[in-house]
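# Chains, contacts and geometry: an overview
So you can see what is in the structure, the chains are spelled out below.
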Amino acid sequence: MRPKKLLMLKVGCFIALVCCALVALQWARLVPPLGLGWGDGNRRGGTGYSLGLVDGSLIFETLYDVKPWAPGTGGNAIKSDGEPVGFAGFNYRRYDIRLASSDGKRLPGTYGTQTRFWIAPGWLLLFSLSVAGLCRKLWVNQRRLERDENQLCRNCGYDLRATPERCPECGVARAAPPAV
């Protein structure tokens, strides 16, 4: 069980560091936007979702209740941007999809709604570095526990089964086991 746990900690640390590097490279605009979408927001009552990483920000969007445009309206799709609502890098914005005539005048009615929630890159970097640090700490603690259980020297890793009081390799005295 221990080798499996140690492998999981190594994999978790690696994934967190890769995510951190990806967010940093996206923020610097060296890596193109990434994302995936599912569902269908183009039917009455249907909902579509998308999740992506754009400019280092994690973005979650929904598109729902899109109605077909009336024939002969001659309009182009526009989005009525509301003001974003946000605090400390966590943001939300709602868009109403509307039609406009060729001269830019809005036509009546709303044809669908899109909502967007996004998290600033700084939070993603902080989170992924924290996860990597936690995995590393657990990994080091796991190795320390294995050394104690296998009766190995904490300083050099020498086998102390023959000389449990002092390490013959480096001379460090072995710590007394904790009282139960």
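Everything here concerns the structure above.
Quick look at the structure, then. (Residues numbered from 1 in each chain as written. Predicted model: local features only at pLDDT ≥ 70, side-chain atom pairs only at ≥ 80, totals over all residues. Heavy atoms only, no water.)

## A word on the packing of aromatic side chains
Let me state the cut-off plainly: In summary, the pairing rule links any two rings of Phe, Tyr or Trp, Trp by its six-membered ring, whose centres are within 6.5 Å, and it sorts them by plane angle into stacked for under 30 degrees, edge-to-face for over 60 and tilted for everything else. By definition, any uninterrupted DSSP run of H or I lasting at least four residues is a helix, any uninterrupted run of E lasting at least two residues is a strand, and each is numbered from the N terminus. For each residue, the accessible area found with a 1.4 Å probe, counting protein chains only, is set against the maximum for its type, and the residue is called buried under 20%, exposed over 50%, and partly exposed in between.
Within the structure shown, the criterion is met by 3 aromatic pairs. With 6.1 Å between their ring centres and 20° between their planes, Y49 and F60 make a pair best called stacked. With Y49 in strand β2 (residues 47-54) and F60 in strand β3 (residues 57-64), this pair connects stretches of sequence that are 11 residues apart. What makes Y49 partly exposed here is its relative accessible area of 31%. You can call F60 partly exposed: its relative accessible area is 33%.

## A short note on the environment of P121
Inclusion rule: Contact criterion: two residues are considered in contact whenever any of their non-hydrogen atoms come within 4.5 Å of each other.
For P121, the position within the fold is in helix α2 (residues 121-149). In sequence terms P121 and Q26 are 95 residues apart; their C-alpha atoms lie 8.9 Å from each other. Here P121 is in contact with V23, W27, D55, G56 and S57, once residues within four sequence places are set aside.

## Structural notes on unusual backbone geometry
One non-glycine residue, R29, adopts positive backbone phi at about 60°. For R29, the location among the structural elements is in the loop between α1 (2-27) and β1 (34-39). Here R29 falls in the exposed class, since its relative accessible area comes to 63%. Notably, A88 is not glycine yet its phi reads approximately 55°, a positive angle. Within the secondary structure, A88 sits in the loop between β5 (85-87) and β6 (90-100). In this structure A88 comes out as partly exposed when scored by relative accessible area, which is 43%.

## Quick look at the pairing of β2
Heads up, the condition is: Pairing between strands requires that DSSP locate at least two bridges from one strand to the other.
The sheet contact formed by β1 and β2 spans 6 bridges and is antiparallel. Within β2, the residue paired with G37 across the bridge is S50. Pairing geometry for β2 and β3, over 8 bridges, is antiparallel. The residue of β3 that forms the bridge with Y49 is T62. Between β2 and β3, which follow one another and run antiparallel, lie 2 residues, and D55 among them has a positive phi close to 55°.

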